[in-house]
Amino acid sequence: MKIASLIAALVVTSALTALGQEGVVQDVKHGAKKAGETIKEGVETVGEKTKETAKTVGKKTKEAAETIGEKTKETGETVARKTKETVNGTGEKAAETTRKTHNKSRKAASKAKAQTTEEQTTGRNSNRPAPSPTP
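Note that this is a predicted model, so its numbers are computed, not measured.

Basis of the calculations
Residues numbered from 1 in each chain as written. Predicted model: local features only at pLDDT ≥ 70, side-chain atom pairs only at ≥ 80, totals over all residues. Heavy atoms only, no water. Helix = DSSP H or I, 4+ residues; strand = E, 2+ residues; numbered from the N terminus. Areas by Shrake-Rupley, 256 points an atom, 1.4 Å probe, with all protein chains shown as cover. Salt bridge = Lys/Arg side-chain N within 4 Å of Asp/Glu carboxyl O. Patch = residues over 30% accessible without salt bridge, like charges linked within 9 Å, V, L, I, M, F, W, Y side chains within 5 Å. Lys, Arg positive; Asp, Glu negative; His and termini not counted. Charge placed at Lys NZ, Arg CZ, Asp CG, Glu CD. Buried < 20%, exposed > 50% of the residue type's maximum accessible area, 1.4 Å probe, protein only.

Caption draft 1: Seen up close, the overall build of the chain. Along its length, the chain carries 1 helix and 0 strands. Accessible area of the chain: about 12,400 Å², with a carbon and sulfur share of 62%.

Caption draft 2: Highlighting the pattern of salt bridges. Taken as a whole, this structure holds 1 salt bridge when the rule is applied. Where Glu85 meets Arg81, a salt bridge forms, and the shortest distance between an N and an O atom there is 3.7 Å. Taken together, the residues span about one helical turn, with Glu85 and Arg81 both in helix α1 (residues 2–127) at a distance of 4 residues.

Caption draft 3: Broad picture of a negative patch on the surface. A grouping of Glu37, Glu41, Glu44, Glu48 and Glu52 is seen on the molecular surface, where their side chains present a negatively charged patch. Mapped onto the elements of the fold, Glu37 is located in helix α1. In this structure Glu37 comes out as partly exposed when scored by relative accessible area, which is 43%.

This is how it looks when you write it as structure tokens:
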């Protein structure tokens, strides 16, 4: 009987060990499952945050591009306006210079004509004999 008791004790001990190990395995499985779910939730959260960030970056980039486009357009319009003003100013100055030159030329021509006429008149008188101082 001692041998039978010993065998029974060994069988019971083996059964308890197996059941104990089964509980540990179940605990490990449950812990792994929970860890997997936590990781999955973390990945989903990261994915959502990445998507939100990408949308925000896209929106900000679009706004920046629109602002740059507006500023470029304004700069182009300003350059065009300033160029036009410069061209118009140069044209007015050129016209003014032309008028002044024309007036100066006309005055010079009038003066020359007057001098020529005067010289001709004076020349005619010089062809006559000068009156003698004594009669």
